[in-house]
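Examining the three-dimensional arrangement
The residues making up each chain are set out below.
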Amino acid sequence: MFIIINETEHYMLVALNDGYFKTTGTDFDHILPPISRFGGKRKTIKERVAEKLNAFYEKYFDIF
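A brief structural summary. (Residues numbered from 1 in each chain as written. Predicted model: local features only at pLDDT ≥ 70, side-chain atom pairs only at ≥ 80, totals over all residues. Heavy atoms only, no water.)

Here we come to the packing of helix α1 (residues 7-18) against helix α3 (residues 41-60). Close contact between α1 and α3 brings their axes to 11 Å; oriented N to C, the two are set at 45°. Considering the angle they form, α1 stands oblique to α3. In this structure, α1 crosses over α3, and the sense of that crossing is right-handed. Residues T8, M12, A15 and L16 of α1 form the contact with α3, whose own contacting residues are L53, F56, Y57 and Y60. Here the contact of α1 with α3 is built from residues that sort into seven nonpolar, one polar and no charged. (Axes fitted to C-alpha atoms, helices over the stretch in contact; angles between N-to-C directions. Helix = DSSP H or I, 4+ residues; strand = E, 2+ residues; numbered from the N terminus. Parallel < 35°, antiparallel > 145°, perpendicular 65-115°, else oblique. Left-handed = near helix turned anticlockwise from the far one by under 90°. Contact = heavy atoms within 4.5 Å. Nonpolar A, V, L, I, M, F, W, Y, C, P; charged D, E, K, R; others polar.)

See the structure below:
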């Protein structure tokens, strides 16, 4: 039996299993929505996504 999960779910499972949440590197960039690197919106969107995923991580990290 195989369970198919998307990249964000996989990223969070790895973070929960490893015991830390990382917002740098290409793994984090793969879960971001498609955004242009020009124009300045990338930083704000990246911060907003990181805040939401960090809140999820803080809520469930005790389970693992």
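Once that is clear, we can look at α3. Each full turn of the α-helix corresponds to 3.6 residues, which orients residues three or four apart in the same direction. Compared with the 28 Å implied by 1.5 Å per residue over 20 residues, the 29 Å span of α3 between its first and last C-alpha is a close match. Every buried residue of α3 is accounted for by R42, I45, A50, L53 and Y57. The buried residues of α3 all sit within an arc of 135° when viewed along its axis, so they share a single face. Exposed side chains of α3 directed beyond 90 degrees from the buried face belong to K41, E51, K52 and K59. (Expected span 1.5 Å × (residues − 1). Buried < 20%, exposed > 50% of the residue type's maximum accessible area, 1.4 Å probe, protein only. Arc of directions from axis to C-beta.)

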